[in-house]
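If you want the building blocks of each chain, they are given just below.
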Amino acid sequence: MNFPKMAADSGRRQRGISLVELIIVVVIIGILAGVSIPRFWKSMGESQLEADSNRLLFDLQWAKTQVPTQSTASNRSGTRIFVAFDTTQGSWTIFKDNGDFAFDPSQDTVIKVDALAASSRFGFKSTFAMPAIVPPLGTGSAPQSGFGKATTVADDCMDAQPFPVPAASRLAVGWSYAGGGNIAGRIVICGGSVGEMSNGTVYLTSIRSDKKAYAVVFNSLASAGASYSLRRYFWDGATWSKL
């Protein structure tokens, strides 16, 4: 038997990875991670954003069912539902009015609370390429805060007013809110035979994406059967599409 040859063969088989080879492997892994991890986090953020916009749409549809829908004077001017958006917490709270028609979070009853994922937000960050706004979302440019007007025509569903609001008192208020605190957006739901709401739009984006956005809108002046429907739109970086 050729013992020296066997020993030599065994030595070759037991040879480990050299330092240079190990460094090359580590560098390759680092390059692949640098490419794939940002894409993964961006994809996760966009998926969470889509889920948030869908959940918000569902909650607003649910809120419309919490007011009387009979077309009578007493019901139309009675219970209000308010949806308040807290931009600091990234949350929305649905309140049932205490009976005075006016929004007062310290007096009205909380009936539901929900929040965005940590990577989602209301409005647009400074690096976002701001989308153009087209009907029924509104006109002009999207509001940085994320809460805008769907139409310039005055609302007949307003805070602290009977429903329908007398023509002389109507304003096109939209969904922005300047009442103080962390609440930057507010929706008024009045009931009525069609589940009337104040007209407006809320925009949602992700801190992990500079191109994609969602909008939830109520525009009572939109055409045909969609006029009293909540709708959700998607911005792909170039155009809006109805979902």
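Residues numbered from 1 in each chain as written. Predicted model: local features only at pLDDT ≥ 70, side-chain atom pairs only at ≥ 80, totals over all residues. Heavy atoms only, no water.

Colleague: Which residues make up a nonpolar patch on the surface, and what are the values?
Modeller: On the surface, I17, L19, L22, I23, V26, V27 and I31 cluster together to form a nonpolar patch covering roughly 710 Å² of accessible area. Take V26: it is sitting in helix 2 (residues 19–64). (Patch = residues over 30% accessible without salt bridge, like charges linked within 9 Å, V, L, I, M, F, W, Y side chains within 5 Å. Areas by Shrake-Rupley, 256 points an atom, 1.4 Å probe, with all protein chains shown as cover. Salt bridge = Lys/Arg side-chain N within 4 Å of Asp/Glu carboxyl O. Helix = DSSP H or I, 4+ residues; strand = E, 2+ residues; numbered from the N terminus.)

Colleague: Talk me through the packing of aromatic side chains; I want residue IDs and the actual numbers.
Modeller: Scanning all chains against the criterion turns up 12 aromatic pairs. On the numbers, 5.3 Å between centres and 55° between planes, the contact of F82 with F103 is tilted. Note that F82 is positioned in strand 1 (residues 81–86) and F103 in the loop between strand 2 (91–96) and strand 3 (109–115), a separation of 21 residues in sequence. For F82, a relative accessible area of 0% translates into the label buried. Centroid distance F122 to F147: 5.6 Å. Interplanar angle 45°. Geometry classified as tilted. (Phe/Tyr/Trp six-rings, centres within 6.5 Å; stacked < 30°, edge-to-face > 60°. Buried < 20%, exposed > 50% of the residue type's maximum accessible area, 1.4 Å probe, protein only.)

Colleague: Go over the side chain of D97 with me, naming the residues and quoting the values.
Modeller: Counting through the fold element by element, D97 comes out in the loop between strand 2 and strand 3. The buried charged residue D97 lacks any salt bridge partner; its closest oppositely charged side chain belongs to R80, at an N-O distance of 6.1 Å. Here G99 takes part through its backbone nitrogen, which lies 3.3 Å from a polar atom of the side chain of D97. With sequence-adjacent residues up to four places away left out, D97 is seen in contact with R80, F82, A102 and D108. (Lys, Arg positive; Asp, Glu negative; His and termini not counted. Polar contact = N/O pair within 3.5 Å; in protein donor to acceptor, adjacent residues only side chain to side chain. Contact = heavy atoms within 4.5 Å.)

Colleague: Can you explain the sheet that holds strand 8 (residues 183–191)? Please cite residues and give values.
Modeller: Pairing within the open sheet is antiparallel, and its 5 strands lie in the order 3-2-1-8-9. Of all the strands in the sheet, just strand 3 and strand 9 (196–197) have a single pairing partner and so form its edges. Across 6 bridges, the pairing between strand 1 and strand 8 is antiparallel. When the sheet's bridge partners are listed, F85 is paired in strand 8 with G185. (Pairing = 2+ DSSP bridges.)

Colleague: Would you mind going over unusual backbone geometry in detail, with residue names and values included?
Modeller: The omega angle of the peptide bond from P135 to P136 is 5°, so this bond is cis rather than trans. Within the secondary structure, P136 sits in the loop between strand 5 (132–133) and strand 6 (140–141). Phi is positive for F101, which is not a glycine, with a value near 75°. Position of F101 relative to the elements: it lies in the loop between strand 2 and strand 3. Phi is positive for A160, close to 60°, though the residue is something other than glycine. Tracing the backbone through its elements, the reader meets A160 in the loop between strand 7 (147–148) and strand 8.

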